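Now for the letters of each chain:
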2 protein chains.
Amino acid sequence: MATNLHHGHEESHLKSSDFIKDVVIGMSDGLTVPFALAAGLSGAVGSSSIIVIAGIAEIAAGSIAMGLGGYLSGKTEQDHYSSEVKREHHEVENLREKEIEETKEFFANIGLSEEIQEKATEEIARDKDRWVDFMMKYELGLDKPDPRRATKAALNIGISYVVGGIIPLSPYFFIPVSSEALKYSVVATLACLFIFGYFKSRITGVNAIWGAIRVTLIGAVAAAAAFGVAKIFEH
Amino acid sequence: MATNLHHGHEESHLKSSDFIKDVVIGMSDGLTVPFALAAGLSGAVGSSSIIVIAGIAEIAAGSIAMGLGGYLSGKTEQDHYSSEVKREHHEVENLREKEIEETKEFFANIGLSEEIQEKATEEIARDKDRWVDFMMKYELGLDKPDPRRATKAALNIGISYVVGGIIPLSPYFFIPVSSEALKYSVVATLACLFIFGYFKSRITGVNAIWGAIRVTLIGAVAAAAAFGVAKIFEH
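Just so it is clear, the structure is predicted and the values come from calculations on it, not from any experiment.

So, about the overall build of chain A. Looking only at helices and strands, chain A has nine helices and zero strands in total. Listing the helices and strands of chain A from first to last along the sequence gives α-α-α-α-α-α-α-α-α. The globule rule puts the C-alpha radius of gyration for 235 residues at 18 Å, and the 25 Å found for chain A is more than 25% above it. Each of the three principal axes of chain A carries a C-alpha extent, and together these read 75 × 35 × 30 Å. Split into buried and exposed, the 235 residues of chain A put 51% on the buried side.

Take the packing of aromatic side chains next. All names here are of chain B. Inspection of the entire model under this criterion finds 17 aromatic pairs over all chains. An angle of 75° between the planes, with centres 5.3 Å apart, marks the rings of F106 and F107 as edge-to-face. Note on F106: relative accessible area 4%, which makes it buried. When its relative accessible area of 0% is taken as the criterion, F107 is described as buried. Measuring from ring centre to ring centre gives 5.1 Å for F106 and F134, while their planes differ by 85°; the resulting arrangement is edge-to-face. In this pair, F106 sits in helix α4 (residues 96-109) while F134 sits in helix α6 (residues 128-139), placing the two residues 28 residues apart along the sequence.

Residues and elements named next belong to chain B. Counted at 1.5 Å a residue, the expected span for helix α8 (residues 178-204) with its 27 residues is 39 Å, and the 37 Å between its end C-alpha atoms agrees. Those residues of α8 not exposed but buried are S178, A181, L182, S185, T189, L193, F196, G197, S201 and T204. Positive backbone phi, at 80°, marks G205, one or two positions downstream of α8.

What follows is about the relation of the copies chain B and chain A. For the pair chain B and chain A, the relating rotation is 180°, the translation along its axis is 0.1 Å, and the fit reaches an RMSD of 0.2 Å. What the rotation and shift describe, once combined, is the action of a two-fold rotation axis. Most of the interface of chain B is mirrored in chain A, where 100% of its interface residues again form contacts.

So, on to the interface of chain B and chain A. At the interface, 82 residues of chain B touch 83 residues of chain A. Summed over both partners, the interface of chain B with chain A comes to about 6600 Å²; 71% of that surface belongs to carbon and sulfur atoms. Seen at the junction of chain B and chain A, the total is two salt bridges. Between R214 of chain A and D79 of chain B there is a salt bridge; the shortest N-O distance is 3.6 Å. Counting across the chain B and chain A interface gives two residue pairs in polar contact (both at pLDDT 80 or more). It is helix α3 (residues 48-94) of chain B that contributes the most residues to the side of chain B that touches chain A, 24 residues altogether. Here the residues of the side of chain B that touches chain A are counted per class, giving 44 nonpolar, 16 polar and 22 charged.

Basis of the calculations
Residues numbered from 1 in each chain as written. Chains lettered and ligands numbered in written order. Predicted model: local features only at pLDDT ≥ 70, side-chain atom pairs only at ≥ 80, totals over all residues. Heavy atoms only, no water. Helix = DSSP H or I, 4+ residues; strand = E, 2+ residues; numbered from the N terminus. Rg over C-alpha atoms; globule rule 2.2 N^0.38 Å. Buried < 20%, exposed > 50% of the residue type's maximum accessible area, 1.4 Å probe, protein only. Phe/Tyr/Trp six-rings, centres within 6.5 Å; stacked < 30°, edge-to-face > 60°. Expected span 1.5 Å × (residues − 1). Least-squares fit on C-alpha atoms with pLDDT ≥ 70 in both. Contact = heavy atoms within 4.5 Å. Buried area = accessible area lost by both parts, 1.4 Å probe. Salt bridge = Lys/Arg side-chain N within 4 Å of Asp/Glu carboxyl O. Polar contact = N/O pair within 3.5 Å; in protein donor to acceptor, adjacent residues only side chain to side chain. Nonpolar A, V, L, I, M, F, W, Y, C, P; charged D, E, K, R; others polar.

So this is what it looks like as structure tokens:
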């Protein structure tokens, strides 16, 4: 709506960018879960090679599961939208009185007088397509989804997950002793989580330093827990 | 809004239940990713014990990362809402003309005449709190978040992930040869994914059998990819 005309509201505008949302979803799990898994295995397994295999398997599994999950939820959203549009068109044609009641109810809820409720409803009901659009958006709260959204979401999320996951895993490619590789992985990943958290927070309009610390802490806690749990099960 | 009064719209009402949404988020990744990881490792590692350790580390890492991620996004939503409410209150008090313009613009966009735009705006602007509520919801598209939402989301998502992840992993606890354990894991997990997909689809109002097949396929594809990738890196 008028969001993009609203000075100082750039954050909320940017926030709604689907591409950025996808990258944030994929990258935050991609940086965190393979990192924590590799750290956890480093507590139980001495050789890096097994950790590389587990890490690669996790990145393949996670990126496909999240990417296809994004695809599926995009498709579901589209199906849901089309079936609701059909229903609203049907109701506008065949249950006109009921739709008029619901439209009046909307105007009553936002605080308009009986007189203006009547008049506004009458004006909206003149153009059936516009009326259906109005009901979709404000009665049901549904925005028209982009038809290519599902495919885009799958690719954005999946690729971001792979990019995020390669970072914590890369030291294990080059350093054969897992406890050594872990040190580099921790430093590199926490630094990337901090930078990622910083930009993510700026985009969503939250305090950037505090947001960066929160994101970094999540990664550190998940890795420490995985390390501890793997140590317990090793014995 | 009127969604729950709307006959036949129970699906969209149920769909918005936050608890169910959380369980679906946690359980779909919990069933899929540890399953695919264990399957992938079974292609490269003969002994179940290493797969149990990796699986447990992944479940700890994944549940904490997703749970805390849910907490963080709940908190961010709250912070964003409060800062926008403050801004709208400030604008209603100090930039009245601009807010009146924006309110008129909303009514113009939904298709009302100049006359009704004026009158409706005048009526809404009489009660400042109501006016702010209106701007939050329909200009910015923000709903008031539940203050305990962040904590609830963290627990619901995290626990669902653990419950989902235990299922594919459990055969590896009892069967020491990983390729043997994999068979039981595949059967148990695909069956659970099918049942889970069935109920998830019924809740979101999509065709249930087709939805169940889609969810099961995602898990199978992710597991097969992880298995293949781990086999390649083993050599």
